[in-house]
Amino acid sequence: MLAVAGQSVHVPTTIAHHHMTKVVKPIIIVGTGRCGSTLFHTLLTKHEHVMWLNGFAKVFPGRPAINRWAATGMGTPLLGRLLSGAIYPMECYEFWDRYAYGFGETRRDLVRSDVSARVKRQLLGAFGALLTRGRHRLLLKITGWSRMGYLDEVFEDARFIHIMRDGRSVASSMLHIEFWDGWYGPQRWRAGPLSPEDEALWERHGRSFAALAGIEWRIQMRAMDAARQQLDPERFMEIRYERFCEQPMETFRQVLEFAELPPSRALERAVNHARIRSTKDRWREDLAPAQQAILDELLRDDLRRYGYAADGA
């Protein structure tokens, strides 16, 4: 509590005990999920100038200082070694939902007009409380709906990096995780109601989950395309996951230039030590021939549009 002109005023935990830092040019990684963004994001957190969300933001969303101390500590050699398996970067929708109601549970893409003045103030305050003099660039990762229009309204100078992956690889990955919400059917998943066209496609394929996973990738990619049309192209970068796996150092060199970050030896070391494997054809090993055929047919036009061979070769 603070006393102002003789009255008690409650100050949110977010800003009560920490000098606010203005959020400048935050770096926001977006992708469909199962697209390789976790590896890319984890490596980029090794840069000395970035601040990222970790498990403390998930458990204590009202106390950004704890996240700040943990991320800062991870940048020191001793604590970094001690805590490397315990503290790692996350999307932390619990943190988002505390300041931007419904952000993590939305069933459609979030756009500019969804941002209220109050939520914008809360988000800028909460994320500003995370930053330090050394780690002054916010690094965030969002998957599923890109929410780029919404985020561009909150962070007017944000840099967006879209990690794109072959839709067949993404669909296969969805089919091999228990927490994919497509198992409940499109009535209860986060990708929103199916269009009449997609509904007919799903029915034509016997309500195949492989078809549904492919449809989800397509829904998210089309939403991404629509959102990026509203952005300043100078603040949007697209990275093909398969190319990143083949040329990780060169990719990060371009990313640092785009994000206006200086070179980083810590990032370079992390990239050199990381196990980066493309697994671009693994979906063929993991899926039955009939499932492969469904995805080849279903995604043919979209794959071609994004530069992927869609002929099954």
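Residues numbered from 1 in each chain as written. Predicted model: local features only at pLDDT ≥ 70, side-chain atom pairs only at ≥ 80, totals over all residues. Heavy atoms only, no water.

A. Spotlight on the overall build of the protein. Within the protein, the regular secondary structure consists of 17 helices and seven strands. A compact globule built from 313 residues should have a C-alpha radius of gyration of about 20 Å, and the protein, at 21 Å, falls within 12% of that. Relative to its 313 residues, the protein shows a buried fraction of 53%. Taking the intrachain contacts of the protein between residues at least 6 apart in sequence as the baseline, contacts between residues at least 24 apart amount to 78%. Split by element, the accessible area of the protein, about 15300 Å² in all, is 53% carbon and sulfur. Across the protein, 44 positive and 37 negative side-chain charges occur, with their mean positions spaced 7 Å apart. (Helix = DSSP H or I, 4+ residues; strand = E, 2+ residues; numbered from the N terminus. Rg over C-alpha atoms; globule rule 2.2 N^0.38 Å. Buried < 20%, exposed > 50% of the residue type's maximum accessible area, 1.4 Å probe, protein only. Contact = heavy atoms within 4.5 Å. Areas by Shrake-Rupley, 256 points an atom, 1.4 Å probe, with all protein chains shown as cover. Lys, Arg positive; Asp, Glu negative; His and termini not counted. Charge placed at Lys NZ, Arg CZ, Asp CG, Glu CD.)

B. Main features of the pairing of strand 6 (residues 159-164). Most of strand 6 sits inside the fold, with six of its six residues counted as buried. Alternating positions in strand 6 separate into two faces, Arg159, Ile161 and Ile163 on one and Phe160, His162 and Met164 on the other, with burial throughout. When strand 3 (residues 27-31) meets strand 6, the two strands line up parallel, connected through four bridges. Bridged to Ile28 within strand 6 is Phe160. Two elements, strand 6 and strand 7 (residues 236-240), share five bridges in a ladder whose sense is parallel. Bridging from a neighbouring strand, Ile161 pairs with Met237 of strand 7. (Pairing = 2+ DSSP bridges.)

C. Structural detail: the sheet that holds strand 5 (residues 137-143). Ordered by their spatial adjacency, five strands build an open sheet running 4-5-3-6-7, and the pairing between neighbours is parallel. Whereas interior strands pair on both sides, the edge strands pair on one side only; in this sheet they are strand 4 (50-52) and strand 7. For this sheet the average axis-to-axis angle between neighbouring strands, irrespective of direction, equals 25°. Examined bridge by bridge, strand 3 and strand 5 share five bridges and lie parallel to one another. In the strand pairing of strand 5, Ile29 is matched with Lys141. Along the sheet face, helix 2 (residues 37-44) touches strand 3, strand 4, strand 5, strand 6 and strand 7 and points at about 170° away from the line of strand 5. (Axes fitted to C-alpha atoms, helices over the stretch in contact; angles between N-to-C directions.)

D. Representation of the environment of Arg98 within the structure. Looking at where Arg98 falls in the secondary structure, it is placed in helix 6 (residues 93-99). Along the chain, Arg98 and Gln122 lie 24 residues apart, while their C-alpha atoms are 9.1 Å from each other. The contact partners of Arg98, leaving out residues within four places of it in the chain, are Pro61 and Gly62.

E. Main features of the environment of Phe56. Among the secondary structure elements, Phe56 is positioned in helix 3 (residues 55-59). When its relative accessible area of 30% is taken as the criterion, Phe56 is described as partly exposed. Sequence separation of Phe56 and Ile66 is ten residues, and the distance between their C-alpha atoms is 6.3 Å. Those residues in contact with Phe56, other than ones at most four positions away along the chain, are Pro61, Ile66, Asn67, Ala70 and Ile87.

F. Looking closely at the nonpolar core. Residues Phe40, Trp96, Phe127 and Phe155 are the most contacted members of the largest nonpolar core, which totals 65 residues. Looking at this core element by element, the count peaks at five residues for helix 13 (residues 248-259). Those residues in contact with Phe127 that sit more than four places away from it in its chain are Val23, Leu53, Phe95, Trp96, Leu138, Leu140 and Phe155. (Core = buried A, V, L, I, M, F, W, Y, C linked by side-chain atoms within 4.5 Å.)

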